[in-house]
Amino acid sequence: TKHNLETKINNTLRLMSSRGPDHQKYVKFKVKKKQINLLHSRLSIIDLQKRSNQPFKIGNYTIIFNGEIYNYLELKKKLIYKGIKFKTESDTEVLLQMYKVYGLNFLSYLEGMWALCILDKKKNQLIISRDRFGEKPLYFFHKNNKFFFGSEISYFFNSNLFDPKINFKKIQDYLYFGYKSLNKSEKTFFKDIEIFPSSSIGIFDLSSGNFKIKKYWMPEIN
């Protein structure tokens, strides 16, 4: 029911407060008959004002973002030169404006660490991305037309919207090969919950329910 869903969302936000104690909020959308809930718990670092709280929206675009963009001031100058006006001093707004101007290519301009999601209501897509070296954690679940993502696996369990099952193959590999087996794949100790790969972008199509992941960056090997 609607009441039970809101209770689960609020419980998840309380659980998320350990990662970001300064502000918790969620927004709901309905796109192509799909219910979308974006939750965010903020640790205020850049622009401490309420205006930079997340989820952060500009028109048809909404972002939730965990991390820090080191060159955001440089990127902001580039955008101002193009005529973009800003309402905050945050790197969050710079990220969303970069996406609006450069599309998926905006990732190539970023220097920093991040796990982010952008809801693009024009294209009916959710854009998921993780930084080049995976400094910020990100996990996801995609099965039976359900899609979840978050910085910790515990958030998935708290939703109670699906029944997580133990991945015994992962446990077997860990017991046999040791800690070195942990980074051999994106699998986790729970079936169908995977690590979102670093230096990658994922596009969830809200019309079809398809989810595709591809690399946006590969290290140069001389």
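Just so it is clear, the model here is predicted, and its values are computed rather than measured. (Residues numbered from 1 in each chain as written. Predicted model: local features only at pLDDT ≥ 70, side-chain atom pairs only at ≥ 80, totals over all residues. Heavy atoms only, no water.)

> So what exactly am I meant to see when it comes to the nonpolar core here?
Side chains of nonpolar character tend, in soluble globular proteins, to be buried together. With 25 residues, the main nonpolar core has Ile69, Leu95, Phe106, Leu110 and Ile118 as its most contacted residues. Mapped onto this core, the elements with two or more residues apiece are strand E3 (56–58), strand E4 (61–69), helix H2 (72–81), helix H3 (91–102), strand E5 (112–120) and strand E10 (200–205). For this core, the element with the highest residue contribution is H3, accounting for six residues. Residue contacts for Ile69: discarding those within four places in its chain leaves Leu75, Asp91, Leu95, Leu110, Glu111, Gly112 and Trp114. Residues Val31, Leu126, Leu206 and Phe211 belong to the second largest nonpolar core, which totals 17 residues. (Core = buried A, V, L, I, M, F, W, Y, C linked by side-chain atoms within 4.5 Å. Buried < 20%, exposed > 50% of the residue type's maximum accessible area, 1.4 Å probe, protein only. Helix = DSSP H or I, 4+ residues; strand = E, 2+ residues; numbered from the N terminus. Contact = heavy atoms within 4.5 Å.)

> When you look at the pattern of salt bridges in this model, what are you seeing that I'm missing?
Here the idea is simple: oppositely charged side chains can pair when their charged atoms come close. For the structure shown, the criterion picks out four salt bridges. Residue Lys76 pairs with Glu89 through a salt bridge whose shortest N-O separation is 3.3 Å. Pair noted here: Lys76 is in helix H2 and Glu89 is in the loop between H2 and H3, with a separation of 13 residues, a long-range link. Its relative accessible area of 9% is what places Lys76 among the buried residues. Judged by its relative accessible area of 44%, Glu89 is partly exposed. Between Asp173 and Lys169 there is a salt bridge, and its shortest N-O distance comes to 2.9 Å. (Salt bridge = Lys/Arg side-chain N within 4 Å of Asp/Glu carboxyl O.)

> Help me out: how do you make sense of H2 in this one?
Owing to its 3.6 residues per turn, the α-helix brings residues three or four apart onto one side. For H2, every residue scored as buried is listed here: Tyr72, Leu75, Lys76 and Leu79. All buried residues of H2 fall inside an arc of 105 degrees around its axis, so they share one side. Opposite its buried face, H2 presents the exposed residues Glu74, Lys77 and Tyr81, each directed more than 90 degrees away. In this structure, the buried side of H2 is in contact with E4 and H3. (Arc of directions from axis to C-beta.)

> Just to check I follow, could you spell out the pairing of strand E8 (residues 146–150) for this structure?
For a regular strand, side chains alternate in direction, first toward one face of the sheet and then toward the other. In this structure, strand E7 (residues 139–143) lies alongside E8, joined through five bridges in antiparallel fashion. Looking at the pairing, Phe141 lines up with Phe148 of E8. What sits between the antiparallel neighbours E7 and E8 is a turn of two residues, in which Asn144 has the positive phi angle 55 degrees. (Pairing = 2+ DSSP bridges.)

> Just checking my understanding: could you explain the sheet that holds strand E9 (residues 193–195) for this structure?
In a beta sheet, neighbouring strands are held together by backbone hydrogen bonds and run either parallel or antiparallel to one another. Read from one edge of the open sheet, three strands run E8-E7-E9, paired in antiparallel fashion. Single-partner strands in this sheet number two, and they are E8 and E9. Taking the axes of each pair of neighbouring strands and ignoring which way they run, one obtains an average angle of 25 degrees across the sheet. (Axes fitted to C-alpha atoms, helices over the stretch in contact; angles between N-to-C directions.)

> What should I look at first to understand unusual backbone geometry in this one?
The phi torsion of most residues other than glycine is negative, and most of the peptide bonds are trans. With phi around 55 degrees, Asn124 is a residue other than glycine that occupies positive phi space. In this structure, Ser199 takes a positive phi of about 50 degrees despite not being glycine. Inspection of the secondary structure assignment puts Ser199 in the loop between E9 and E10.

Purely geometric numbers; function is a separate question.
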